[in-house]
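# Structure assessment
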Amino acid sequence: MKIGSVQLKNNVLAAPMAGVTDKAFRILAREAGCGMVYTEMVSAKALTYGNRKTSEILDLSGEPSPLAVQIFGSDPQVVAEGADIAVKAGADIVDINMGCPAPKIVRNGEGAALMLDMDLALEVAGAVVERVDVPVTVKMRKGWDQQSVNSVEMSVGMEGVGVSGITVHGRTRDQFYAGRADWDIIKEVKRAVGIPVIGNGDIWKPQDARDMLEYTQCDGIMVGRGAMGNPWLFEQILSYIRDGSLLPEPTPKERILLAGRHLRLAVKFKGEKKGVMEMRKHLAWYLKGFPGASGWRNKINQTDSLEAVEELLGEILQVTA
Ligand SMILES: Cc1cc2nc3c(=O)[nH]c(=O)nc-3n(C[C@H](O)[C@H](O)[C@H](O)COP(=O)(O)O)c2cc1C
């Protein structure tokens with residue numbers, strides 16, 4: 001799959017997820033074979049201010065291509081400026097977030113709120129396309145609510161202003177993450193535009209990926225929550241869509257070993273205190289379904305050193321694997 005001039009490794013992509021898809025996660029997702037990774041969303045305005053936390057999100061050092069940086073904002077010139085900064089930091093593709101449902105984002109007219117003002121959304125995307133030399137993509141929802149479903153119209157407009165690819169999450173903003181994602185809207189967008197369309201929403205297992213590709217005829221698929229604590233999903237999907245073979249689920253031992261590796265990567269990139277804190281949720285995801293998982297989770301949440309968490313992982317390994 002190709003987005004503009006950028007050749008992806010394959011068409012199974014790791015969704016941008018704030019608080020999840022940091023450098024450590026991206027390394028593991030790539031190792032599991034996914035075709036492209038995205039950063040967490042980053043505020044274009046904060047980028048232009050040189051905000052420190054934002055600069056950390058934009059640390060792409062040592063990461064291989066292809067890598068997309070996702071930015072959000074609603075002022076065309078500011079978003080274009082942010083995109084320029086992202087490209088200078090190493091983005092191969094700039095993705096604009098037009099799907100985030102969070103109140104603190106939409107209150108500023110950003111994220112999914114742009115779906116309520118299509119003219120401004122097109123202006124934002126057009127300004128970014130003008131400004132940067134890399135392909136620009138847009139990630140949107142089905143619409144703001146069921147009464148204003150406009151992703152088909154908006155995608156056609158995006159293609160018109162020079163956007164190179166569209167990701168559609170088949171839920172409206174007011175659904176947040178509830179209900180089933182609507183794959184018909186992905187199919188409709190795919191029919192309406194000539195640029196690559198990436199389908200997103202409710203891919204939890206390899207069969208879902210194949211079903212979405214077949215049903216919607218989309219060019220690529222994007223996996224979000226299914227890969228949390230579960231990067232194996234990427235290789236399972238790739239194997240299944242390649243030749244129908246279902247790879248075995250990772251063993252408890254494999255889960256714990258990868259959780260430990262994820263932890264050490266997080267500490268390497270963020271320092272011990274922050275790395276260990278931020279890993280709590282990831283470790284809970286890795287341990288989902290383990291006997292006594294909630295007890296282990298409580299113990300992990302009471303520790304704040306790398307050594308102590310590694311010891312706990314060692315104990316879990318001994319009793320379960
Ligand atoms: C914790 C979390 C953080 C997310 N952060 C972002 C984000 O930064 N940018 C974005 O475009 N979407 C974000 N999303 C939405 C996902 O990219 C994706 O569209 C959504 O989860 C649906 O896909 P899924 O059903 O495979 O999870 C986030 C979702 C979750 C659960």
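Here's what I pulled together on the structure shown here. (Residues numbered from 1 in each chain as written. Predicted model: local features only at pLDDT ≥ 70, side-chain atom pairs only at ≥ 80, totals over all residues. Heavy atoms only, no water.)

## Thoughts on helix H7 (residues 151–160)
Among all positions of H7, only Ser151, Met154, Ser155, Gly157 and Met158 are buried. Looking straight down H7, one finds that the buried residues subtend no more than 160 degrees of arc, so they occupy a single side. Facing away from the buried side of H7 by more than 90 degrees, the exposed set consists of Glu153 and Gly160. Packed against the buried residues of H7 are strand S7 (93–98), helix H6 (118–131), strand S8 (136–143), strand S9 (165–172) and helix H8 (183–192). (Buried < 20%, exposed > 50% of the residue type's maximum accessible area, 1.4 Å probe, protein only. Helix = DSSP H or I, 4+ residues; strand = E, 2+ residues; numbered from the N terminus. Arc of directions from axis to C-beta. Contact = heavy atoms within 4.5 Å.)

## Looking at the site of the ligand
Around the ligand sit 16 residues in total, of which Ala18, Gln70, Asn200, Asp202 and Arg225 are the nearest. Pro16 is positioned such that a nitrogen or oxygen atom in its backbone is 2.9 Å from an oxygen atom of the ligand. Tyr177 is positioned with one of its side-chain polar atoms (N or O) 3.4 Å from a nitrogen atom of the ligand. Coverage of the ligand by the protein chains reaches 88% of its 610 Å² of free accessible surface. Here the shell around the ligand is composed, by residue class, of seven nonpolar, six polar and three charged. (Near = heavy atom within 4 Å. Polar contact = N/O pair within 3.5 Å; in protein donor to acceptor, adjacent residues only side chain to side chain. Areas by Shrake-Rupley, 256 points an atom, 1.4 Å probe, with all protein chains shown as cover. Nonpolar A, V, L, I, M, F, W, Y, C, P; charged D, E, K, R; others polar.)

## A few points about the packing of helix H12 (residues 272–286) against helix H14 (residues 306–320)
Relative orientation of the contacting elements H12 and H14 amounts to 30 degrees, with a least axis distance of 10 Å. Between H12 and H14, the interaxial angle falls into the category roughly parallel. Taking contact as the criterion, the partners of Glu272, Val276 and Leu283 in H12 are, on H14, Leu306, Glu307, Val309 and Leu313. Among the residues making up the contact of H12 with H14, the classes are represented as five nonpolar, no polar and two charged. (Axes fitted to C-alpha atoms, helices over the stretch in contact; angles between N-to-C directions. Parallel < 35°, antiparallel > 145°, perpendicular 65-115°, else oblique.)

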